[in-house]
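Here's the letter readout for the chains.
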Amino acid sequence: GPAELGQLLVKSDQLGQCLTDRIVEVAVQRPKSAEDAPAIAALRKNLDGTQFSLREGLLAWLGSGAFRYRTIEPYTMQVMP
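Residues numbered from 1 in each chain as written. Predicted model: local features only at pLDDT ≥ 70, side-chain atom pairs only at ≥ 80, totals over all residues. Heavy atoms only, no water.

A closer look at the overall build of the protein chain
When you go through the protein chain residue by residue, the secondary structure sums to 5 helices and 0 strands. The order of α-helices and β-strands along the protein chain, N terminus first, is α-α-α-α-α. In the protein chain, of all internal contacts separated by at least 6 residues, the share reaching a separation of at least 24 is 42%. Of the roughly 6,200 Å² of accessible surface on the protein chain, a fraction of 62% belongs to carbon and sulfur atoms. (Helix = DSSP H or I, 4+ residues; strand = E, 2+ residues; numbered from the N terminus. Contact = heavy atoms within 4.5 Å. Areas by Shrake-Rupley, 256 points an atom, 1.4 Å probe, with all protein chains shown as cover.)

Have a look at this one:
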């Protein structure tokens, strides 16, 4: 049932990787790139260190150099046809 699925997801490394990838993509407002690897690794380390407490992990990551010194591409507006 749902409880068992939750336990399997928590034990799976894929959940943590997917979560950190998506958080970084949302934070930098673009698809992840190879340049984001340090930020993703830092966020993952912070989340692992807080037993996946999203609040604590994000606060630690937002204060880290991996987030503060990230590369942001200029925004370009895309018009849909």
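Here we look at the pattern of salt bridges
Close approach of charged atoms allows side chains of opposite charge to pair. Scanning the entire structure with this criterion turns up 3 salt bridges. With a shortest N-O distance of 2.9 Å, D21 and K32 are connected by a salt bridge. Taken together, the positions of D21 in helix α2 (residues 13-28) and K32 in the loop between α2 and α3 (37-49) put the pair 11 residues apart, joining distant regions of the chain. Residue K32 is classed as partly exposed on the basis of its relative accessible area, which comes to 40%. Here E25 makes a salt bridge to R22, at a shortest N to O gap of 2.6 Å. A residue pair is termed a helical-turn pair when its members lie 3 or 4 positions apart in one helix, as E25 and R22 do in helix α2 at 3 residues. (Salt bridge = Lys/Arg side-chain N within 4 Å of Asp/Glu carboxyl O. Buried < 20%, exposed > 50% of the residue type's maximum accessible area, 1.4 Å probe, protein only.)

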